[in-house]
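# Reading the structure
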Amino acid sequence: MFKPKVPTMPQPTVLITPPALVEPTTVAQQSPTPLVASTSAARPTVQLTPGSILALVGGGAAVVLVVGAVLVSMLLAVAITGASVAICALVIRSLIASDNQHR
């Protein structure tokens, strides 16, 4: 009961063929080529013209305005929802209070 039972490997039902022999191939050694130091920069430099600076400033201002409008509209939606929930709570409270007074 306390001795572990080692599972036995079942006999294969299909005849297995050994894998085909792979013949080794010859590897040709090549001499490494020396690296040539390049005199040009790896990355091209960015040249800003007055027109491109104006476009960057205009694009940045447009992004700021759009993000600001989205945030303000979300804040306004939350404020309107909160006010409407508060009005509903006051109406329900007054209805419950007037119902208790009439009984």
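Presented here is a report on the structure given in the accompanying data block. Just so it is clear, the structure is predicted and the values come from calculations on it, not from any experiment. The residue numbers shown here count from 1 along each chain, following its written sequence. Given that the model is predicted, a residue must reach a pLDDT of at least 70 before its local features are reported, and side-chain atom pairs must reach 80 or more before they are shown or counted; all residues, however, enter totals for whole chains, interfaces and linings. The side-chain values count all of the structure's non-hydrogen atoms but skip hydrogen atoms and water molecules.

### Considering the overall build of the protein chain
- By definition, any uninterrupted DSSP run of H or I lasting at least four residues is a helix, any uninterrupted run of E lasting at least two residues is a strand, and each is numbered from the N terminus. Looking only at helices and strands, one finds 1 helix and 0 strands in the protein chain.
- In the protein chain, which comprises 103 residues, the proportion classed as buried is 0%.
- Residue burial considers only the protein chains on display, and all accessible areas are found by Shrake-Rupley using a 1.4 Å probe. A total of about 10,800 Å² of accessible surface is found on the protein chain, and carbon and sulfur atoms cover 71% of it. A simple rule labels every residue: compare its accessible area, found with a 1.4 Å probe on the protein chains alone, to the largest value its type can have, and call it buried under 20%, exposed over 50%, or partly exposed in between.

### What about a nonpolar patch on the surface?
- Patches here are clusters of residues that have more than 30% relative accessible area and form no salt bridge, with a 9 Å joining cutoff for like charges and a 5 Å cutoff for nonpolar side chains (Val, Leu, Ile, Met, Phe, Trp, Tyr). For this document, the term salt bridge refers to a Lys or Arg side-chain nitrogen within 4 Å of an Asp or Glu carboxyl oxygen. Taken together, the side chains of Val63, Val66, Val67, Val70, Leu71 and Met74 present a nonpolar region at the surface, about 550 Å² in accessible area.
- Residue position: leucine 71 is located in helix H1 (residues 50–102).

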